[in-house]
Amino acid sequence: MASNRPGRILNLLAFAAFGAGLAYLLIGEHRVHLLGWLPFLLILLCPLLHMTMHGGHGRGHRQEPPGPSAADSSHPHQS
C-alpha cells in the first residue's frame, strides 16, 4: 500500500494556515475586549502561582541541621 504522506502534510499545512488566519482576525477585532479582561486574569492567576511557587508549604524546604540554635548562641548561659 502506498503512503499518503504528501497529502497529509498539505492538509496539516492548510489547517495550520487557516488557524493562524483565524487567530489573527479574532485577536485583531477583539483586542479591546481581551485587554479589558487582562487585569482579572492576572488576579485569577495569583492563587495558582501561590500554590505552585511555594512547593506545597512544608515540602521541599530544607531542614536545619541538629545543633545549637541561633537563640542559644546569642545568649550564652551564665554559671
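As shown above, the structure is provided for reference.
Trainee: Got a minute to help me understand the overall build of the chain in this structure?
Mentor: Of the regular secondary structure elements, the chain holds three helices and zero strands. Relative to its 79 residues, the chain shows a buried fraction of 0%. Of the roughly 8200 Å² of accessible surface on the chain, a fraction of 68% belongs to carbon and sulfur atoms.

Trainee: Explain a nonpolar patch on the surface here, please?
Mentor: On the surface, a nonpolar cluster with roughly 1300 Å² of combined accessible area is contributed by L35, W37, L38, F40, L41, L42, L44, L45, L48, L49, M51 and M53. Assignment of secondary structure puts L44 in helix α2 (residues 31-53). Look at L44 and you get exposed, because its relative accessible area is 63%.

Conventions we followed
Residues numbered from 1 in each chain as written. Predicted model: local features only at pLDDT ≥ 70, side-chain atom pairs only at ≥ 80, totals over all residues. Heavy atoms only, no water. Helix = DSSP H or I, 4+ residues; strand = E, 2+ residues; numbered from the N terminus. Buried < 20%, exposed > 50% of the residue type's maximum accessible area, 1.4 Å probe, protein only. Areas by Shrake-Rupley, 256 points an atom, 1.4 Å probe, with all protein chains shown as cover. Patch = residues over 30% accessible without salt bridge, like charges linked within 9 Å, V, L, I, M, F, W, Y side chains within 5 Å. Salt bridge = Lys/Arg side-chain N within 4 Å of Asp/Glu carboxyl O.

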